[in-house]
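Report on the structure
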Amino acid sequence: MLVGRAPEQAGLEARIAAARNGRGSALLITGEPGIGKSALVADVCERAEGLRRLAVCGMESESEIGFAVLADLTRGLLDHLGELPRGQAAALSGALGLGPPGALDRLAVYAATLSLLAVASEQAPLLISVDDAHWVDAATVEALMFCARRIEADAIVIFLVTRSDTPVAAQATGIERLELGGLDALAVGELLHASTGTSVSASVAGQLARATAGNP
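Residues numbered from 1 in each chain as written. Predicted model: local features only at pLDDT ≥ 70, side-chain atom pairs only at ≥ 80, totals over all residues. Heavy atoms only, no water.

Attention now moves to the overall build of the chain. Across its full length, the chain holds nine helices and five strands. If one aligns the C-alpha atoms of the chain with their principal axes, the spans along those axes are about 65 × 35 × 30 Å. Counting across all 216 residues of the chain, residues that qualify as buried make up 49%. Counting only contacts in the chain whose residues sit at least 6 apart along the sequence, the fraction spanning at least 24 positions is 80%. (Helix = DSSP H or I, 4+ residues; strand = E, 2+ residues; numbered from the N terminus. Buried < 20%, exposed > 50% of the residue type's maximum accessible area, 1.4 Å probe, protein only. Contact = heavy atoms within 4.5 Å.)

In structure tokens, the structure reads:
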């Protein structure tokens, strides 16, 4: 159960509604470990209707493998590869290990990723969530940032989830950011009641909120 996040939920839902109407956006969601970043995005995405969801997650063990997460993200979209300009299609295929190897043109790969997402979004709006972005390989991060800054006219919404003060957060210039803080005492009380079935006094909830800085 998600408590104390109504304003943040409404903000993410507004972006999803805009994507349904062809207005794209990206949001970087940051905060300390355990603060509820992933829970917030999962809650909103699970209730979103009328969008095709593409969900990927960074893994520390694969963070040095170039384009690993991009391969996961685009796996279900590759049937649109033939609709891209030939050079872009070849660049993306090569980067993902799907075509003949060649000199890596990163700009062509990023442009191809954007084109692929745009083409796919013409069939159904896209809801892209990237969890643990601090473990996403650098090449994919660059591709995502390139796309995130250029989707205003597409039916695409991107949620990037990462810890505060990470290289990913530092790279996200020009992308709107939501810094998720701790729960207030009222929400802490609601969470305790939902979790245990027992009500606690306002003073106890306040003490716990202060002791944990509201971290769920």
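On to the pattern of salt bridges. Counted according to the given criterion, the structure contains six salt bridges. One salt bridge in this structure joins Asp72 and Arg75, with 2.9 Å as the shortest N-O distance. Residue Arg75 is classed as exposed on the basis of its relative accessible area, which comes to 56%. Among the ionic pairs, Arg106 bridges to Glu142, the shortest N-O distance being 3.6 Å. Here Arg106, found in helix H5 (residues 106-121), pairs with Glu142, found in helix H6 (residues 138-148); they are 36 residues apart in sequence, far enough to count as distant. For Glu142, a relative accessible area of 31% translates into the label partly exposed. Put simply, Glu13, Asp43 and Arg47 are held in one network by salt bridges that share partners. (Salt bridge = Lys/Arg side-chain N within 4 Å of Asp/Glu carboxyl O.)

In this section: a nonpolar patch on the surface. Taken together, Val200, Val204 and Leu208 make up a surface patch of nonpolar side chains, about 190 Å² in accessible area. Inspection of the secondary structure assignment puts Leu208 in helix H9 (residues 202-212). (Patch = residues over 30% accessible without salt bridge, like charges linked within 9 Å, V, L, I, M, F, W, Y side chains within 5 Å. Areas by Shrake-Rupley, 256 points an atom, 1.4 Å probe, with all protein chains shown as cover.)

What follows covers unusual backbone geometry. With the exception of glycine, most residues fall at negative phi, and the peptide bonds are largely trans. Notably, Asp132 is not glycine yet its phi reads approximately 50°, a positive angle. Tracing the backbone shows Asp132 in the loop between strand S3 (126-131) and H6. Here the phi dihedral of Ala213 falls at roughly 55°; this positive angle occurs in a residue that is not glycine. Turning to its location among the elements, Ala213 is positioned in the segment after H9.

The buried fraction of S3 is high, at five of six residues. Looking at chain direction, strand S2 (residues 52-57) and S3 are connected through six bridges and run parallel. Within the sheet, the bridge partner assigned to Cys57 lies in S3 and is Asp131. The pairing of S3 with strand S4 (residues 156-163) spans five bridges and is classified as parallel. Counted as the bridge partner of Leu126 is Ile156 from S4. (Pairing = 2+ DSSP bridges.)

A word on the packing of H5 against H6. Contact pair H5 / H6: the axes reach a minimum separation of 9 Å and the direction vectors enclose 55°. Classified by the interaxial angle, the pair formed by H5 and H6 is oblique. Viewed along their axes, H5 and H6 form a crossing whose handedness is right-handed. Along its contact with H5, which presents Arg106, Leu107, Tyr110, Ala111, Thr113, Leu114 and Leu117, the element H6 presents Ala139, Glu142, Ala143, Phe146 and Cys147. Class assignment for the residues of the contact of H5 with H6 results in nine nonpolar, one polar and two charged. (Axes fitted to C-alpha atoms, helices over the stretch in contact; angles between N-to-C directions. Parallel < 35°, antiparallel > 145°, perpendicular 65-115°, else oblique. Left-handed = near helix turned anticlockwise from the far one by under 90°. Nonpolar A, V, L, I, M, F, W, Y, C, P; charged D, E, K, R; others polar.)

All we've got here are geometric facts, nothing functional implied.
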